[in-house]
2 protein chains.
Amino acid sequence: MAGAIDFYFDFSSPYGYIASTRIDAIGARHGREVAWRPFLLGAAFKITGQKPLTELPMRGGYALHDFARSARAAGVAFVMPTPFPFFALGATRAFYWIAERDRRQAKRFAKAVYDAAFARAQDVTGSEAVLALAEAMGVDRDGLAEALDSPEVKARLKTEVDEALAKGVFGSPFVIVDGEPFWGNDRLDDVENWLATGGW
Amino acid sequence: MAGAIDFYFDFSSPYGYIASTRIDAIGARHGREVAWRPFLLGAAFKITGQKPLTELPMRGGYALHDFARSARAAGVAFVMPTPFPFFALGATRAFYWIAERDRRQAKRFAKAVYDAAFARAQDVTGSEAVLALAEAMGVDRDGLAEALDSPEVKARLKTEVDEALAKGVFGSPFVIVDGEPFWGNDRLDDVENWLATGGW
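Cut-offs used in this document
- Residues numbered from 1 in each chain as written.
- Chains lettered and ligands numbered in written order.
- Predicted model: local features only at pLDDT ≥ 70, side-chain atom pairs only at ≥ 80, totals over all residues.
- Heavy atoms only, no water.
- Contact = heavy atoms within 4.5 Å.
- Buried area = accessible area lost by both parts, 1.4 Å probe.
- Salt bridge = Lys/Arg side-chain N within 4 Å of Asp/Glu carboxyl O.
- Polar contact = N/O pair within 3.5 Å; in protein donor to acceptor, adjacent residues only side chain to side chain.
- Helix = DSSP H or I, 4+ residues; strand = E, 2+ residues; numbered from the N terminus.
- Nonpolar A, V, L, I, M, F, W, Y, C, P; charged D, E, K, R; others polar.
- Buried < 20%, exposed > 50% of the residue type's maximum accessible area, 1.4 Å probe, protein only.
- Core = buried A, V, L, I, M, F, W, Y, C linked by side-chain atoms within 4.5 Å.
- Axes fitted to C-alpha atoms, helices over the stretch in contact; angles between N-to-C directions.
- Parallel < 35°, antiparallel > 145°, perpendicular 65-115°, else oblique.
- Left-handed = near helix turned anticlockwise from the far one by under 90°.
- Arc of directions from axis to C-beta.
- Pairing = 2+ DSSP bridges.
- Least-squares fit on C-alpha atoms with pLDDT ≥ 70 in both.

Trainee: How do you make sense of the interface of chain A and chain B when you look at a structure like this?
Mentor: In many reports, interface size means the accessible area that the parts give up when they come together. In this complex, chain A contributes 28 residues to the contact, which on the side of chain B involves 28 residues. Roughly 2700 Å² is buried in total at the junction of chain A and chain B, and carbon and sulfur atoms are behind 56% of that figure. Counting the surface chain A buries against chain B, the share from its top three residues, M58, R59 and Y62 of chain A, is 26%. Taken together, the links from chain A to chain B amount to 6 salt bridges. On the surface where chain A and chain B come into contact, there are 18 residue pairs in polar contact (both at pLDDT 80 or more). The element contributing the most residues to the side of chain A that touches chain B is helix α4 (residues 59–74) of chain A, with 8 residues. Among the residues forming the side of chain A that touches chain B, the class breakdown is 16 nonpolar, 5 polar and 7 charged.

Next up, the structure:
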């Protein structure tokens, strides 16, 4: 089987959310696993100097319009969270702790986090929210609660973020197929074409 | 006939160049005229705080890779101009002076400027280059030479740029269809879908 598709995203990213509803089907159509890799977009912004789209004059209004339009195009629910952007540190740490035990469960957890944030406008930044979402997936709540602030879990996330940056990941979503990088939900058709044709 | 498609671009924009090779065919397939509207992206950057992509850490390398990849996808020649970005003030002024006399000739001139800059890596910033490209289209060279620094032509361009900014145009290419804004060469498929369906 060909290598996995790397799917990088930040839990606070509207375009990451929309792409998350499409990426597994794209992988499945081409016999590829999809490795979900949440990271912290703020770490990339420190390097690129980029700010959250919604904070930029002119671009902010377009972004709000386009988030909703892109969600309609994908046929998924969308509500704009407030506050935005938010810092999903706990959910991101939790993902990797869960993934070490059960990768499929971690993916279900990630989908639940995105659904809570962008389909139901729920706050997903607090520990209680993260633990409740994880518990509903069948995760060991007490074990996760203990892990969220452990040095091992902090170190694991730092490694993941550093590796993402080292691979040139500067936005969300960001997809890498056989070394080829694609930035943005609006490039998923390109990802699919690349998979189908082997590139151009 | 339905209203024209507004096609905003900066002559220094690689994605604008690529889109320029596709936009007229999209308009033709849906019975729409395309109004080409070169503007000065730097005026928008002053408002948004954006810098040229190629000057940004991480994003710059991706942009250079993606310019060439996007050109291959569109099936058009592409070479990266140096220096980049360049300031195409003369060509942009010339476009509107020509357009007041012959809109089709102005569009041919714009295509010639883009072709020179991005298919043949020619400098298009100097007056001599602008005049030579215009003359090859059958434009009155002496008339244009006199016009390039005239108050009327400067005022015309300022009006065009101000109107673009007032419509929310902050990037290149930027397409407006029946009031609906689309930013980026990678949104031309969306433009086509919007034209075909009336929106979503």
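There's more to say after this.
Trainee: For this particular structure, what's the right way to read the side chain of S150 of chain A?
Mentor: All names here are of chain A. Along the chain, the position of S150 falls in the loop between α8 (141–147) and α9 (151–166). Its relative accessible area of 13% is what places S150 among the buried residues. In this structure the side chain of S150 is engaged in a polar contact, spanning 3.2 Å, whose partner is the backbone nitrogen of V153.

Trainee: What is the right way to look at the nonpolar core in this model?
Mentor: The nonpolar side chains of a soluble globular protein tend to be buried, and buried together. Counting 67 residues, the largest nonpolar core has F109 and V175 of chain A as the members making the most contacts within it. F7, Y17, F67 and Y114 of chain B belong to the second-largest nonpolar core, a separate cluster that totals 66 residues.

Trainee: How should I be thinking about the packing of helix α6 (residues 103–119) of chain B against helix α7 (residues 127–136) of chain B in this particular structure?
Mentor: Helix packing geometry: the angle between the two helix axes and the distance between the axes. All names here are of chain B. The contact between α6 and α7 brings their axes to 9 Å, and the two run at 130 degrees. The pairing of α6 with α7 is recorded here as oblique in orientation. Crossing of α6 against α7: the hand is right-handed. In contact with F109, A112, V113 and A116 of α6, α7 contributes V130, L133 and A134. A per-class count over the contact of α6 with α7 returns 7 nonpolar, no polar and no charged.

Trainee: Would you take a moment to explain α7 of chain B for this structure?
Mentor: Owing to its 3.6 residues per turn, the α-helix brings residues three or four apart onto one side. Residue and element names in this part refer to chain B. Within α7 the residues assigned to the buried category are V130, L131, L133 and A134. Down the axis of α7, the smallest arc covering the buried residues is 165 degrees, so these residues share one side. Turning to α7, the residues buried within the fold contact α5 (89–101), α6 and α8 (141–147). One or two steps after α7, the chain reaches G138, where phi turns positive at roughly 95 degrees.

Trainee: What should I look at first to understand the sheet that holds strand β2 (residues 34–38) of chain B in this one?
Mentor: Hydrogen bonds between backbone atoms are what pair the strands of a sheet, whose relative direction is either parallel or antiparallel. Strand order in the open sheet formed by 4 strands is β2-β1-β3-β4 (chain B), with mixed pairing between adjacent strands. The strands lining the two open edges of the sheet, one partner per strand, are β2 and β4 (180–183) of chain B. Strand-to-strand twist across the sheet, computed as the mean angle between neighbouring axes with direction ignored, equals 20 degrees. Of the strand pairs in this sheet, strand β1 (residues 5–9) of chain B and strand β3 (residues 174–177) of chain B are connected by 3 bridges, and their pairing is antiparallel. Following the sheet pairing, D6 of chain B is matched in β3 of chain B by I176 of chain B. Its contacts with the sheet place α4 of chain A against β3 and β4 of chain B, and it is angled at close to 100 degrees to β4 of chain B.

Trainee: Even after reading the chapter, I still don't get the pairing of strand β1 (residues 5–9) of chain A, so can you show me in this structure?
Mentor: Each regular strand shows side chains that alternate between the opposite faces of the sheet. Residues and elements named next belong to chain A. Summarising burial for β1: 5 of the 5 residues are buried, a large majority. Of the two faces of β1, the one carrying I5, F7 and F9 and the one carrying D6 and Y8 are both buried. Inspection of the sheet shows β1 paired to strand β2 (residues 34–38) by 5 bridges, in the parallel sense. Residue pairing across strands places Y8 opposite R37, the latter belonging to β2.

Trainee: Sorry if this is basic, but what is going on with the relation of the copies chain A and chain B here?
Mentor: Both copies of the chain are placed relative to one another by a rotation about an axis and a shift along it. Rotating chain A by 180 degrees about the axis while translating it 0.0 Å along that axis superimposes it on chain B, leaving an RMSD of 0.0 Å. Taken together, these values place the two copies in the relation of a two-fold axis. When C-alpha distances to the rotation axis are compared across chain A, the minimum falls at D186 of chain A, with a value of 3.4 Å. Counting the interface residues of chain A, we find that 100% of their copies in chain B are interface residues as well, pointing to one common contact surface.

Trainee: What is the right way to look at the environment of A19 of chain A in this model?
Mentor: Residue and element names in this part refer to chain A. Positionally, A19 belongs in helix α1 (residues 14–20). Taking the relative accessible area as the measure of exposure, A19 reaches 0% and is therefore buried. Distance in space between the C-alpha atoms of A19 and V175 is 9.8 Å, their sequence separation being 156 residues. The contacts of A19, once residues within four sequence positions are left out, are F7, P173, N185 and L188.

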